[in-house]
Amino acid sequence: MTALVDIELELITRATARFPDVVVRDELDNNLADELPTIQIEQIPGGSDDGLRLSRAIVDINVYAATRADAIALANQVHSWVTGELRGSTSATAAFGRTGSFTLPAIRPYENIALRRVGATYEIFCHPVS
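Residues numbered from 1 in each chain as written. Predicted model: local features only at pLDDT ≥ 70, side-chain atom pairs only at ≥ 80, totals over all residues. Heavy atoms only, no water.

Digging into the nonpolar core
So, point 1. In terms of nonpolar packing, the biggest core is built from 29 residues, with Leu11, Ile39, Ile41, Val78 and Ile124 touching the most fellow members.
So, point 2. Every element with two or more residues in this core is listed here: helix H1 (7-18), strand E2 (38-43), strand E4 (55-65), helix H2 (68-85), strand E5 (94-108) and strand E6 (116-128).
So, point 3. In terms of residues, this core owes the most to one element, H2, which gives 6 residues.
So, point 4. Each residue touching Ile124, except ones within four places of it in the same chain, is listed here: Ile7, Leu11, Ser55, Arg56, Ala57, Val59, Val82, Leu86, Phe96, Arg98 and Thr99. (Core = buried A, V, L, I, M, F, W, Y, C linked by side-chain atoms within 4.5 Å. Buried < 20%, exposed > 50% of the residue type's maximum accessible area, 1.4 Å probe, protein only. Helix = DSSP H or I, 4+ residues; strand = E, 2+ residues; numbered from the N terminus. Contact = heavy atoms within 4.5 Å.)

Overview of the packing of aromatic side chains
So, point 1. Applying the stated criterion across every chain yields a total of 2 aromatic pairs.
So, point 2. Ring geometry for Phe19 versus Trp81: centroids 5.9 Å apart, planes at 85 degrees, classification edge-to-face. On the criterion of sequence distance, the pair formed by Phe19 in the loop between H1 and strand E1 (23-25) and Trp81 in helix H2 is long-range, its members being 62 residues apart.
So, point 3. Under the relative-accessibility criterion, Phe19 is labelled buried at 4%.
So, point 4. What makes Trp81 buried here is its relative accessible area of 5%.
So, point 5. Considering the side-chain rings of Tyr64 and Tyr110, the 5.2 Å spacing of their centres and the 70 degrees angle between planes classify their relative orientation as edge-to-face. Separated by 46 residues along the polypeptide, Tyr64 in strand E4 and Tyr110 in the loop between E5 and E6 bring together distant segments of the chain.
So, point 6. Looking at Arg18, its charged tip hangs above the ring of Phe19, at a distance of 4.8 Å from the centre. (Phe/Tyr/Trp six-rings, centres within 6.5 Å; stacked < 30°, edge-to-face > 60°. Lys NZ or Arg CZ within 6 Å of the ring centre and 35° of its normal.)

So far we have only geometry, and geometry alone does not tell us how the molecule works.
Written out as structure tokens, the structure reads:
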């Protein structure tokens, strides 16, 4: 059986350190407009594993900011982090291999017009550190 990494926890922990002036979370709450900018990281259904150690996670990352320009800029920074800095890195609990995007950062509609959302979907290969 494959040993799985808690990909949301791992990415939230790393993104919090990488983006110290941003709120990083998995779920949104009613105070979102007061917590901008925010990065939301959620593993979505899908992915696969090799039956031993390597997992392929599908992760949706949305960025919320007060303006369209701020949301686009932060989403592009997140994209560079996931596809560049995260690739080949390790922590005490996880090692990351290939990373890439299924969808590039793009505006995603959001019902609250006081903020803007930009999101992308990523493929992340990882395994636990042993």
